[in-house]
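The lines below spell out each chain.
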Amino acid sequence: MDRIARGEATAVLDSGDGTAVCEAILSAALHDPDAAWVTDRALRLVNSPDFGVRAAAVTALGHLARIHRAINEERVVPVLRRLSNEPEIAGRVEDALDDIAVFVRRPA
């Protein structure tokens, strides 16, 4: 997945073009160093009426946990648990929750 500059990603994420939004949120999760910014954007997208966008946003949250070894669990985990009731994305939700459980560093 190619890196998309933040300005371009912001425009695409607000565009409503489902395919482009999916690519932009996944690129941001993989390449943007500001995990909090990407988390905010992904949490907005999990409410999209577009299944593909919701699924990409959930996957992005899992990528953030894996890559950054940190995520705002208080914000993210309850949203993922709510989404686990959606059969279409339940598998991706479980993958994201597993990434959080395995990769997020917790204080000793």
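Being a predicted model, the structure only gives us computed values, none of them experimental. The residue count restarts for each chain, going from 1 along the sequence in the order it is written. In view of the model being predicted, local features appear only for residues whose pLDDT reaches at least 70, and side-chain atom pairs are presented and counted only at 80 or more, with totals across whole chains, interfaces and linings using the full set of residues. Side-chain descriptors were evaluated using all non-hydrogen atoms of the structure, hydrogens and water having been removed beforehand.

Another point: the side chain of Arg41. Turning to its location among the elements, Arg41 is positioned in helix H3 (residues 35–45). The buried label applies to any residue whose accessible area, calculated with a 1.4 Å probe on protein chains only, is under 20% of its type's maximum; exposed applies above 50%, and partly exposed to all values in between. Classification of Arg41 by relative accessible area gives buried; the value is 9%. Counting from the N terminus, the helices are DSSP H or I runs at least four residues long and the strands are E runs at least two residues long.

Moving on to the packing of helix H4 (residues 51–68) against helix H6 (residues 90–103). At a minimum axis distance of 8 Å, the contact between H4 and H6 shows a crossing angle of 10°. The pairing of H4 with H6 is recorded here as roughly parallel in orientation. Counted together, Ala55, Ala56, Val58, Thr59, Gly62, His63, Ala65 and Arg66 of H4 and Arg92, Val93, Ala96, Asp99, Ile100 and Phe103 of H6 form the full contact between these two elements. Residue classes in the contact of H4 with H6 are distributed as eight nonpolar, three polar and three charged. The axes are straight lines fitted to the C-alpha atoms, using for helices just the contacting stretch, and the angles between their N-to-C directions are given from 0 to 180°. Any angle between 65 and 115 degrees counts as roughly perpendicular, while under 35 counts as roughly parallel, over 145 as roughly antiparallel, and the rest as oblique. Any two residues whose heavy atoms approach within 4.5 Å at even a single point are treated as in contact. Each residue is assigned to one class: nonpolar for Ala, Val, Leu, Ile, Met, Phe, Trp, Tyr, Cys and Pro, charged for Asp, Glu, Lys and Arg, and polar for all the others, Gly among them.

We now examine unusual backbone geometry. Within the chain, Arg69 stands out as a residue other than glycine whose phi angle is a positive 60°. Looking at the element boundaries, Arg69 is found in the loop between H4 and helix H5 (73–83).

Think of a nonpolar core as a cluster: buried Ala, Val, Leu, Ile, Met, Phe, Trp, Tyr and Cys residues, connected wherever their side-chain atoms sit within 4.5 Å. One finds Ile25, Val58, Leu61, Leu80 and Ile100 to be the most contacted residues of the largest nonpolar core, which totals 38 residues. Sorting the residues of this core by element identifies helix H1 (6–13), helix H2 (18–31), H3, H4, H5 and H6 as the ones contributing at least two each. When residues of this core are assigned to their parent elements, the largest contribution, nine residues, is made by H4. Residues contacting Leu80, with those up to four places away along its chain left out, are Val58, Leu61, Val93, Ala96, Leu97 and Ile100.

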